[in-house]
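Coordinate inspection notes
This is what each chain is made of:
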Amino acid sequence: MRKPNIAVLGATGVVGREILKILVEDNVPYNEIKFLASAKSAGKKISFKDKEYTIIEAIPEAFEGVNIVLASAGGATSLALAPEAVKRGCVYIDNSSAYRMEKDVPLVIAGVNDEDLKNHHGIIANPNCSTSQLMLVLKPLHDFAKIKRMIVSTYQAVSGAGLAAINELKDNTIAENEGKPFENVKFKKPIAYNVIPQIDVFCDNGYTKEEMKVTNETKKILHLDAETPISCTAVRVPVFHGHSEAVTIEFEKEITAQKAREILEHAWGVEVVDDPENYIYPTPRDAAGKNPVYVGRIRKNIAFDNAIDLWCVADNIRIGAALNTVRIAESVIKMQLF
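Notes on the structure in this doc start here. Not measured: the values here are computed from a predicted model. (Residues numbered from 1 in each chain as written. Predicted model: local features only at pLDDT ≥ 70, side-chain atom pairs only at ≥ 80, totals over all residues. Heavy atoms only, no water.)

**Overview of the pattern of salt bridges**
- Under the counting rule described, the total for this entry stands at 14 salt bridges.
- For Arg100, the salt bridge is made with Glu217, and the minimal N-O distance between the two is 3.5 Å. One end of the pair, Arg100, is in the loop between strand S7 (91-94) and strand S8 (123-125); the other, Glu217, is in helix H5 (residues 209-222), with 117 residues separating them in the sequence. Neither Arg100 nor Glu217 differs from the other in exposure class; each is buried.
- Glu178 serves as the salt-bridge partner of Lys180, at 3.1 Å between the closest nitrogen and oxygen.
- The exposure class of Glu178 is partly exposed, given its relative accessible area of 48%.
- Sharing partners across several salt bridges, the network here consists of Glu18, Lys21, Glu25 and Arg318. (Salt bridge = Lys/Arg side-chain N within 4 Å of Asp/Glu carboxyl O. Helix = DSSP H or I, 4+ residues; strand = E, 2+ residues; numbered from the N terminus. Buried < 20%, exposed > 50% of the residue type's maximum accessible area, 1.4 Å probe, protein only.)

Set out below in structure tokens:
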């Protein structure tokens, strides 16, 4: 099997650092590796597998000789650099939202729609973090009973908004505890001891961009009909790591809670934690630093026909970003698509 030359773009960021950890954990095969970041970080040193590397400025020429780019540097950066990387023969795996809904760009969750990778033209998009964990749960259920409609409410950790958001939760909480004034910057409302029913900007239809990402990306990944009704409410909560989701799924045919549980117990990348009588169900703390999507509170929905309610939790930085990026790279290597 051919081994690629790899570049990690955005290596110094929250997601970039997690990508490095997972590359080591999974022992991803490669010939050479380089680390790219903004001019501000260029020239600094970074340690990887007990070896020290110099961070290189992310300019077009930096992609020369690279086969696979694991990119987590923001939409504007990807819009500028992805075409340059592709021009130089790279497969560019993008963590930003820049290319997710482009018709010719596969939007992939490893283990869900790997076959779509075969249609790439140089760029592969990694879905939104809240979409990512949901797909591993939905795919096996959809294969059994076909999704008819869905309602999702997400409870999203501040780490999804980056390091500044993590620091704002810390500082806001300290100020609140000490009775001191605090000016929130990252969020529209104070985040300490609060929940904020807005993630990203509002669209003309009253939904936020985050909510529409879940709707549109779910349809693309699962190849659902464009008219499939999906509604999402996305909420920011004062949790550092781990997104939680309350999901109602109506199916084309009958499915019992027991059958749904059985399907998910055998699903790849999913772990069922579901014994509510003994207070056993997943929480964000349970998922922190771990790979599975944890599912619990699986029950028959009493409002709709052929519907199931469930609760799922995952580490948003891992499954929602870094882990899936690395898994896509592993699939590209295994399928020799570079």
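**Some thoughts on the side chain of Lys213**
- Its location among the elements puts Lys213 in helix H5.
- Residue contacts for Lys213: discarding those within four places in its chain leaves Ser97, Arg100, Asn128, Thr131, Asp200 and Thr218. (Contact = heavy atoms within 4.5 Å.)

**Some remarks on helix H8 (residues 318-334)**
- With 17 residues, H8 should cover 24 Å at 1.5 Å per step; its first-to-last C-alpha distance of 21 Å lies more than 12% under that length.
- For H8, the principal kink sits at Asn324 and spans about 40 degrees.
- The buried count for H8 comes to 15 of 17 residues, which makes it a mostly enclosed element.
- Note on H8: the residue one or two positions beyond its end, Gln336, has a positive phi of about 50 degrees. (Expected span 1.5 Å × (residues − 1). Bend = angle between axes of the 7 residues up to and from the residue.)

**What to know about unusual backbone geometry**
- Look at Tyr193: it is not a glycine, yet its phi comes out positive at around 55 degrees.
- A positive phi is found at Asn306, a non-glycine position, where the angle reads about 50 degrees.
- The exposure class assigned to Asn306 is partly exposed, which follows from its relative accessible area of 23%.

**Observations concerning the packing of helix H3 (residues 129-145) against helix H6 (residues 257-265)**
- Orientation of H3 relative to H6, taken along the N-to-C sense of each, is 125 degrees, at an axis distance of 9 Å. One way to sum up the angle between H3 and H6 is to call them oblique. With respect to the hand of their crossing, H3 and H6 are arranged in right-handed fashion. In this structure, H3 uses Val137, Pro140, Leu141 and Phe144 to contact H6, whose residues at the interface are Lys259, Ala260, Ile263 and Leu264. (Axes fitted to C-alpha atoms, helices over the stretch in contact; angles between N-to-C directions. Parallel < 35°, antiparallel > 145°, perpendicular 65-115°, else oblique. Left-handed = near helix turned anticlockwise from the far one by under 90°.)

**Quick look at the pairing of strand S3 (residues 45-48)**
- Residues of S3 alternate between two faces, with Ile46 and Phe48 buried on one and Lys45 and Ser47 left unburied on the opposite face.
- The pairing of S3 with strand S4 (residues 51-54) spans four bridges and is antiparallel. Bridge pairing in S4 places Ile46 opposite Tyr53.
- Once S3 ends, the chain turns through two residues before running back antiparallel as S4, passing Lys49 with a positive phi of about 50 degrees. (Pairing = 2+ DSSP bridges.)

**Thoughts on the nonpolar core**
- Counting residues in hydrophobic clusters, the biggest one holds 89 residues, and the most contacted among them are Leu23, Ile68, Leu141 and Leu310.
- In terms of residue count, H8 provides more of this core than any other element does, nine residues in total.
- With residues near it in sequence (within four places) discarded, Leu310 still touches Val137, Leu141, Glu245, Ala246, Val247, Ile249, Leu264, Val295, Gly296, Arg297, Ile298 and Arg299.
- Ranked by size, the runner-up nonpolar core spans seven residues in total, among them Ala165, Ile166, Leu169 and Ile191. (Core = buried A, V, L, I, M, F, W, Y, C linked by side-chain atoms within 4.5 Å.)

**Overview of the sheet that holds strand S12 (residues 270-272)**
- Taken in spatial order, the six strands line up as S10-S9-S11-S14-S13-S12 in an open sheet, and their pairing is mixed. Looking at strand neighbours, the two that pair on one side only are strand S10 (230-236) and S12, the edges of this open sheet. Recorded for the sheet is a direction-independent mean angle of 20 degrees between the axes of neighbouring strands.
- In the sheet, strand S13 (residues 293-300) pairs with strand S14 (residues 307-314) via five bridges, with the strands oriented antiparallel. When the sheet's bridge partners are listed, Lys300 is paired in S14 with Ile308.
- In this fold H3 packs onto strand S9 (147-156), strand S11 (243-251), S12, S13 and S14, with an angle of close to 25 degrees to the strand it touches most, S11.
- Along the sheet face, H5 touches S9 and S10 and points at about 135 degrees away from the line of S10.

Note that every value here comes from positions in space, so none of it alone points to a role or purpose.
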